[in-house]
Amino acid sequence: MPAVSFAPSPAQTFEIRPLQGLVGAEIIGLDLTRALSDEDFARVHRAHLDHHVVVFRDQRITPQQQIEFSRRFGVLQIHVLKQFLLAGHPEILIVSNIVENGQPVGLGDAGKYWHSDLSYKELPSLGSMLHAQELPSEGGDTLFADMHRAYDTLPAHLRSAIEGRSAVHSYTARYSEGKNAASWRPTLTAEQLAQVVTVTHPVVRTHPENGRKALFVSEGFTTHIVDLPADESRDLLAQLYAHSVQPDNVYRHQWQPHDMVFWDNRSLIHLAAGTPEHLRRKLFRTTIQGDAPF
Ligand code: OGA
Ligand code: MN
């Protein structure tokens, strides 16, 4: 019998190219079907912290390989909508607009409003990975807004209005809103509702790894700011949202076949720009648990 080899994975040759705008980098030439060496992992980790969203081009990975790569960054979170988890791989949430035999194959309206994944949990997500399975010939882009820059560029009056404040986040904030909501969003059972009780997080959080402050509110999951009259809270949030998603603060990802996109939910909010109804789109998502915002 050949001796079992425990040789460390060799380093790969790959490039990290910043994208045109303020956030984002492409990673070219890295093969995620192979276990990453510690050195390669450290480069990817650094790029993720520096650029907030990294795009690994041309990845022919299996669901299991996506799960294993994701696990190097932390514990994986299993989505509350069990009906949209990949069979045999509950760590993967299917994000798709495809309906087969009258049944949606995945979460069809994921990301309809700007949000940070799982901000409605005590331990929101550190980051998420989406791997393209099937892409439409047009549309289907994903937008990312830089919440560090949003904080850094806040006008003084908004900065003082949110100083020391907290906000409530709820999974069900906009759960049933919008077209098709009923078909994409099944009625939650009592057990599911128990998993998504509301939480309170600081409006401005400090990123635990890069030390920078970031705005941490979004229209998808934030219901209100604590200790403010309802109309003031609504007005303040509307101003924060409008400021965060100004075009010069946003990266628009146009998907290419076999892209795997890994973003930092502590630094960015994101939005599904929408896919024409007659075109098919399917992606696999893994979600890595982060720590409690402070
Ligand atoms: C998600 C999400 C956006 C998209 O999967 O978390 O928000 O463009 N997706 O599919
Ligand atoms: Mn999302």
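Data block above holds the structure.
Residues numbered from 1 in each chain as written. Chains lettered and ligands numbered in written order. Predicted model: local features only at pLDDT ≥ 70, side-chain atom pairs only at ≥ 80, totals over all residues. Heavy atoms only, no water.

**Q** Explain helix α2 (residues 63-71) to me, please; I cannot follow it from the model alone.
**A** Residues lying three or four places apart along an α-helix face the same way, a consequence of the helix completing one turn every 3.6 residues. Listed as buried for α2 are Gln 66, Ile 67, Phe 69 and Ser 70. Down the axis of α2, the smallest arc covering the buried residues is 165°, so these residues share one side. The elements touched by buried residues of α2 are α1 (38-51), β3 (53-56), β5 (89-96), β8 (125-134), β16 (260-264) and β18 (282-289). (Buried < 20%, exposed > 50% of the residue type's maximum accessible area, 1.4 Å probe, protein only. Helix = DSSP H or I, 4+ residues; strand = E, 2+ residues; numbered from the N terminus. Arc of directions from axis to C-beta. Contact = heavy atoms within 4.5 Å.)

**Q** Whenever I open this one, the layout of surface pockets confuses me. Can you help?
**A** Any empty space left between atoms is shown by rolling a water-sized probe over those atoms. Approximately 190 Å³ is the volume attributed to the second largest pocket. The element best represented in the lining of the second largest pocket is helix α7 (residues 230-244), accounting for six residues. Counted by class, the lining of the second largest pocket contains five nonpolar, four polar and four charged residues. (1 Å grid on protein atoms, 1.4 Å probe; cavity = no way out; pocket = protein on both sides within 12 Å on 5 of 7 lines; lining within 4 Å. Points joined across faces, edges and corners; volume = space filled by probe spheres on them. Nonpolar A, V, L, I, M, F, W, Y, C, P; charged D, E, K, R; others polar.)

**Q** So what exactly am I meant to see when it comes to the nonpolar core here?
**A** Here is a general trend for soluble globular proteins: nonpolar side chains tend to be buried in one another's company. Judged by nonpolar contacts, the single largest core of 28 residues is most densely connected at Val 53, Leu 81, Phe 144, Tyr 171, Tyr 251, Val 261 and Trp 263. Put simply, the parts of the chain that give this core at least two residues each are β3, β5, β8 and β16. Once residues lying within four places of it in the same chain are set aside, the contact partners of Trp 263 are His 48, His 52, Val 53, Asp 117, Leu 126, Gly 127, Ser 128, Leu 130, Phe 144, Leu 268 and His 270. If you look at the next biggest cluster of nonpolar residues, it comprises 25 residues, including Ala 25, Leu 30, Phe 69 and Phe 284. (Core = buried A, V, L, I, M, F, W, Y, C linked by side-chain atoms within 4.5 Å.)

**Q** Sorry if this is basic, but what is going on with the sheet that holds strand β10 (residues 166-169) here?
**A** Strands belonging to one sheet form pairs held by backbone hydrogen bonds; the direction of such a pair is parallel or antiparallel. One open sheet holds the three strands; their spatial order is β11-β10-β14, and the pairing between them is antiparallel. A single partner strand is all that each edge strand has here, and the edge strands are β11 (199-202) and β14 (222-225). Averaged over neighbouring strand pairs, the angle between their axes works out to 35° when direction is ignored. Bridge analysis of β10 against β14 gives three bridges, and the strand direction is antiparallel. Looking at the pairing, Val 168 lines up with His 224 of β14. (Pairing = 2+ DSSP bridges. Axes fitted to C-alpha atoms, helices over the stretch in contact; angles between N-to-C directions.)

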